[in-house]
Amino acid sequence: MKIDGTPYRSVWVDADGWSVRILDQTRLPWQLDLLRLTDEDQVAHAIRSMQVRGAPLIGAVAAYGVALALRADASTAALDRAVAMLGETRPTAINLRWALERMRARLHNLPAAERVAAAYAEALAIADDDAETCRRIGENGLPLLREIAARKPGEAVNVLTHCNAGWLATVDYGTALSPIYQAHDAGIPIHVWVDETRPRNQGAALTAFELGKHGVRHTVVADNAGGHLMQHGQVDICIVGTDRVTRTGDVANKIGTYLKALAARDNGVPFWVALPHSTIDWRVADGVAEIPIEERGAAEVTDLTGRTADGRIETVRVAAEGSPAANPAFDVTPARLVSGLITERGRCAASEAGLRGLYPEAP
Ligand SMILES: CSC[C@H]1O[C@H](OP(=O)(O)O)[C@H](O)[C@@H]1O
């Protein structure tokens, strides 16, 4: 997508032909820092520290991390080490495992001399697949917004979203935001309620940044405002992204998503989840029982990073000194609270039958 007229993806190979470029998302929206990653350890740090984040994006960046590792050592042991190390950076998003398993399958049986070129080609294929997949998610979600617009001519369609599931969470276009961009570009009046998304504020910092750069009307709200907005008829539809969907349609996503789904159900607001094929975990049925929930550091809750009036990026403590904090980074919304899933292959019910109808080849 574009930033001030310049097209970007969220990950790409540098002009030197081998190092990897990312936008440092811990500095957005205040600074546009293009980081250059030169080995797998820097890639691992970028994922752990959330310089890059978002389920599809961390998978794509980890794939390039394997390519960087093989540049230094193309042995099978080095390949296995890189896959294992990168796979441990974050536990919830299944796209990380999907991408690394795809890289291992492509490279393991190749002669070492062929592995580096093949690794870069496969990482690019993963990135290109994600971009095209996300574009199609937009096409398949667009009718939902058109239908609402047709019921309220001349008024904006009010969409509530949680966290950042835009192009900054993917290689390009986004998942939950992809239908919103396509609706906006088609001239459908759109307004987005942007959950700030504590504690890392991906909504206030990243979703608001993206929507603003694309000219989409939006309002940042406290996470706890969503239920009130729904009670007062100010939300026509919720669309969120996800880090892992089970084969039965349970949805792991940023902490707070489950509460939004409960409020949506209580107020008769459709609650849709947008996802690419790489986010489906066919091996898991019960999301609440089986999806590992990342526990991140307490400082993300007790401290807050922002820009001072004179332009400095600072971190301050907002919690009482000495108070401990817990920081589960995701929760699981049971399929029964999900109106439907928007994928690159179409829309379906949040159920095993729905998913297998779109992915009949699934294991
Ligand atoms: C399109 S996946 C975006 C998904 O990833 C985010 O988590 P994080 O920012 O911690 O990587 C969040 O759950 C988004 O919905």
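Cut-offs and rules
Residues numbered from 1 in each chain as written. Predicted model: local features only at pLDDT ≥ 70, side-chain atom pairs only at ≥ 80, totals over all residues. Heavy atoms only, no water. Helix = DSSP H or I, 4+ residues; strand = E, 2+ residues; numbered from the N terminus. Buried < 20%, exposed > 50% of the residue type's maximum accessible area, 1.4 Å probe, protein only. Pairing = 2+ DSSP bridges. Axes fitted to C-alpha atoms, helices over the stretch in contact; angles between N-to-C directions. Contact = heavy atoms within 4.5 Å. UniProt positions renumbered as here; feature names shortened; annotations may be inferred. Polar contact = N/O pair within 3.5 Å; in protein donor to acceptor, adjacent residues only side chain to side chain. Phe/Tyr/Trp six-rings, centres within 6.5 Å; stacked < 30°, edge-to-face > 60°. Lys NZ or Arg CZ within 6 Å of the ring centre and 35° of its normal.

Student: Please explain the environment of G297 as it appears in this structure.
Tutor: As for its placement among the helices and strands, G297 is situated in the loop between α10 (287-290) and α11 (299-302). Among the residues examined, G297 registers a relative accessible area of 42% and is labelled partly exposed. Placed 32 residues apart in sequence, G297 and A329 show a C-alpha to C-alpha distance of 9.5 Å.

Student: Got a minute to help me understand the sheet that holds strand β18 (residues 346-348) in this structure?
Tutor: In a beta sheet, neighbouring strands pair by backbone hydrogen bonds and run either parallel or antiparallel. The strand order across the open sheet formed by seven strands is β8-β7-β6-β9-β12-β17-β18, and the pairing between neighbours is mixed. In the strand order of this sheet, the two ends are held by β8 (217-221) and β18, each with one partner. Strand after strand, the sheet turns through a mean of 25 degrees between neighbouring axes, direction not considered. The sheet contact formed by strand β7 (residues 190-195) and β8 spans five bridges and is parallel. Each bridged residue has a counterpart across the sheet, and for D195 the counterpart in β8 is V221. Lying over the sheet, helix α9 (residues 257-266) contacts β6 (157-161), β7, β9 (237-240) and β12 (271-274), oriented at roughly 145 degrees with respect to β12.

Student: Help me understand the UniProt feature "binding site: substrate" (unreviewed entry) in the protein, please; the structure alone is not making it clear to me.
Tutor: UniProt feature "binding site: substrate" (unreviewed entry): in the numbering of this structure it lies at R53, G54, A55, R90, Q202, N253 and K254. Tracing the backbone through its elements, the reader meets N253 in strand β11 (residues 251-254). Filtering out sequence-adjacent residues up to four positions away, N253 remains in contact with V240, G241, T242, D243, A329, F330 and D331. Within the structure, the side chain of N253 is placed 3.3 Å from the backbone oxygen of G241, a separation counted as a polar contact. Locating K254 in the fold gives a position in strand β11. Under the relative-accessibility criterion, K254 is labelled buried at 6%. When neighbours within four sequence positions are excluded, K254 is seen to be in contact with R90, H162, C163, T197, Q202, D243, A329, F330 and D331.

Student: Would you explain the packing of aromatic side chains in this entry?
Tutor: Each pair of aromatic rings is reported with the distance of its centres and the angle of its planes. Tallied over the entire structure, the rule returns three aromatic pairs. With centroids separated by 6.0 Å and ring planes inclined at 65 degrees, the aromatic side chains of W282 and Y359 adopt a geometry described as edge-to-face. Separated by 77 residues along the polypeptide, W282 in the loop between β13 (280-281) and α10 and Y359 in the segment after α12 (352-358) bring together distant segments of the chain. Pair check on accessibility: W282 and Y359 agree, each one buried. Across from the ring centre of W18, 3.9 Å away, lies the NZ or CZ of R71, which sits over that ring. Across from the ring centre of F330, 4.0 Å away, lies the NZ or CZ of K254, which sits over that ring.

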